[in-house]
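So you can see what is in the structure, the chains are spelled out below.
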Amino acid sequence: MSFAPPPDRGPGPGPAGVSPVLPVAAVVALLALPVGPGGEGGAGPADAVSALAVLYCVVRLLRQRRRPLSRTAALVLGLPVAGLALAAMGASSAGAGLTGLGRYLQIFVLVPAAVLLLVRDRADFRVLAWSFVGLAVWQGAVGVHQYVTGTGASYQGEEIRAVGTFGPQDVMGMATVVSFGLVCALGLALGRGALRRRCLAGAAAAALLVPLALSFSRGAWIATAVTCAVQLVLAGLRRALKAGAALAAAAVVLVGGFGVGTTMLQERIDSITRVTDAPDQSVTDRYTMWAAALGMWRERPLTGVGLKGFPEHRDAHASLALSSGSDTEGAGSAFRRQPLLSPHNMYLLVLAEQGLLGLLALAGSWLALLVCALRGLVRVRRGRAAPDALDCALVACGLLVWQLVDFAYADIGGPSTVLTAVCLGLVARWALGPDDGPAEPDARPAARAPEEAVAR
């Protein structure tokens, strides 16, 4: 694993001294812009800039005349292509197939590969990690303001749900951004860099608990809790206990002490344990769409119904328990009925539209990334890599774990989806990139072996 500057660490195409990671950082920054009221939540400016970042990466590679990816990286990132192409050919129309193919290639192949190639070393990696934190703080601040002033999305008849700038059409957008920022902040705080930097990251992680809670997103809560627990364990037992105690104290003070949405939060948390006994309509709809996705898969087990085929085949496989859509209102948007066009489970969506072949290809790529990322972290923990790379390892592993857990409750769609592509690129850079060499000057030096100390 991870990080080696290419032999020509120069600026490449563009103004002298401009870091090639800046186009990727621009993708993250553009997600701070508000989504237009009543927008459909599709592709936005960040998606356009992500395409430009891919183009910039291609031009840079052509000018440098070097092999873009290692064989392992090309295999892992290119694994989903065959399944996607097959599913595109099975789509109901050529337009739907090409549109779906382009979107999947953008999120799971092209943008991750570009990020892998444009992130040169640990410094660039941390630039992107901090940009995630900065975006999360901004969106979280907007979300808290929405809750306090009653200008958020509608929730139980009150316009208090924190959605940031994404609007009620993408209620998961802010929760996703804040979760990514919290995971990055915790990874940076658990690293071995400068103390001031780690303290700032820890404070950001604690502060982001508030907007995450006010998002009322059960899927994001579960994914973040699991990921933070994994990061703490991977960082070491002693550090895990200290950081866990600090996060627990912050949660008690920020949520319990200040009474941030206490009643509604408690009801929302309790609803997680009642998803089988007394599910609300949103849970019922989700279960119904999951059953519909499984029905599509049983109909065409190997290749699925084709890309973008779930909405067309939904009614033929869904029971009468499925509602006609979800109500969205507030945060500057008028009331509208939003149709349910996906099963809100990435694994079942892929299984329904791409069949078993597509799911094995995509999930196999993610599993390979996870294994390689964990191997890199083990190398750091055993002293076989620069010890100051621990924060990068924890960020990469945390982002992938969060995404894999969240995919059980959500799928791709909306303006925030491009952030998933950048996350996978960061994970790929850590898991599949070459080593970056020696530790940074401000990093804490590794402890000397007893034999070396005696010799000195």
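Residues numbered from 1 in each chain as written. Predicted model: local features only at pLDDT ≥ 70, side-chain atom pairs only at ≥ 80, totals over all residues. Heavy atoms only, no water.

Asks: What exactly am I supposed to notice about the side chain of H313 here?
Replies: Looking at the element boundaries, H313 is found in helix α13 (residues 310–317). Given the relative accessible area of 16%, H313 is considered buried. Residues within four places of H313 in sequence aside, it is in contact with M296, E299 and V305. (Helix = DSSP H or I, 4+ residues; strand = E, 2+ residues; numbered from the N terminus. Buried < 20%, exposed > 50% of the residue type's maximum accessible area, 1.4 Å probe, protein only. Contact = heavy atoms within 4.5 Å.)

Asks: When you look at the pairing of strand β2 (residues 158–161) in this model, what are you seeing that I'm missing?
Replies: Where a strand is regular, its side chains alternate between the two sheet faces. Sheet topology places strand β1 (residues 153–155) next to β2; three bridges connect them, and they run antiparallel. Residue A153 lies in a different strand from β2, and its bridge partner there is R161. A loop of two residues connects β1 with β2, the two strands running antiparallel in sequence, and Q156 in this loop sits at a positive phi of about 55°. (Pairing = 2+ DSSP bridges.)

Asks: I keep staring at the nonpolar core and nothing clicks. Help me out?
Replies: Where a protein is soluble and globular, its nonpolar side chains tend to be buried together. By size, the foremost hydrophobic cluster in this structure holds 125 residues, and its most contacted members are Y104, F108, F132, M346, L399, W430 and L432. Considering every element that reaches this core, the biggest residue donor is helix α14 (residues 346–381), with 15 residues. Setting aside residues up to four positions removed in sequence, L432 forms contacts with S70, T72, A73, V76, L77, L116, L369 and C372. (Core = buried A, V, L, I, M, F, W, Y, C linked by side-chain atoms within 4.5 Å.)

Asks: What is the right way to look at unusual backbone geometry in this model?
Replies: A negative phi holds for most residues other than glycine; trans holds for most peptide bonds. Within the chain, F216 stands out as a residue other than glycine whose phi angle is a positive 55°. Here F216 lies in the loop between α8 (209–214) and α9 (218–235). Overall, F216 belongs to the buried group, its relative accessible area being 0%. Backbone geometry at K308 places phi at a positive 65°, although glycine is not the residue there. Topologically, K308 is positioned in the loop between α12 (281–299) and α13.

Asks: Can you help me understand the side chain of D121 in this one?
Replies: Along the chain, D121 falls in the loop between α4 (94–118) and α5 (122–149). At 3.2 Å, the side chain of D121 and the backbone nitrogen of A123 are in polar contact. A polar contact of 3.0 Å, which involves the side chain of D121, links it to the backbone nitrogen of D124. (Polar contact = N/O pair within 3.5 Å; in protein donor to acceptor, adjacent residues only side chain to side chain.)

Asks: What is the right way to read the confidence of the model for the chain from this model?
Replies: Close inspection of predicted coordinates is inappropriate in any region flagged by low pLDDT. Per-residue confidence for the chain gives a mean pLDDT of 82; residues scoring 70 or more make up 78%. Counting interchain partners and residues more than four positions distant, the pLDDT-below-50 stretch residues 4–16 has 27 contacts. Confidence over residues 442–456 falls short of pLDDT 50; this stretch has seven contacts with residues more than four positions distant or in other chains. (pLDDT = per-residue confidence, 0-100.)

Asks: Just to check I follow, could you spell out the packing of helix α6 (residues 171–189) against helix α15 (residues 390–406) for this structure?
Replies: Angle between the axes and distance between the axes are the two parameters that describe a pair of packed helices. Put simply, α6 and α15 touch, their axes get as near as 7 Å, and they point 150° apart. Viewed along their axes, α6 and α15 adopt a mutual orientation that is roughly antiparallel. Viewed along their axes, α6 and α15 form a crossing whose handedness is right-handed. Residues M172, T176, S179, F180, V183, C184, G187 and L188 of α6 pack against D391, L394, V395, G398, L399, W402, Q403 and D406 of α15. Among the residues forming the contact of α6 with α15, the class breakdown is nine nonpolar, five polar and two charged. (Axes fitted to C-alpha atoms, helices over the stretch in contact; angles between N-to-C directions. Parallel < 35°, antiparallel > 145°, perpendicular 65-115°, else oblique. Left-handed = near helix turned anticlockwise from the far one by under 90°. Nonpolar A, V, L, I, M, F, W, Y, C, P; charged D, E, K, R; others polar.)

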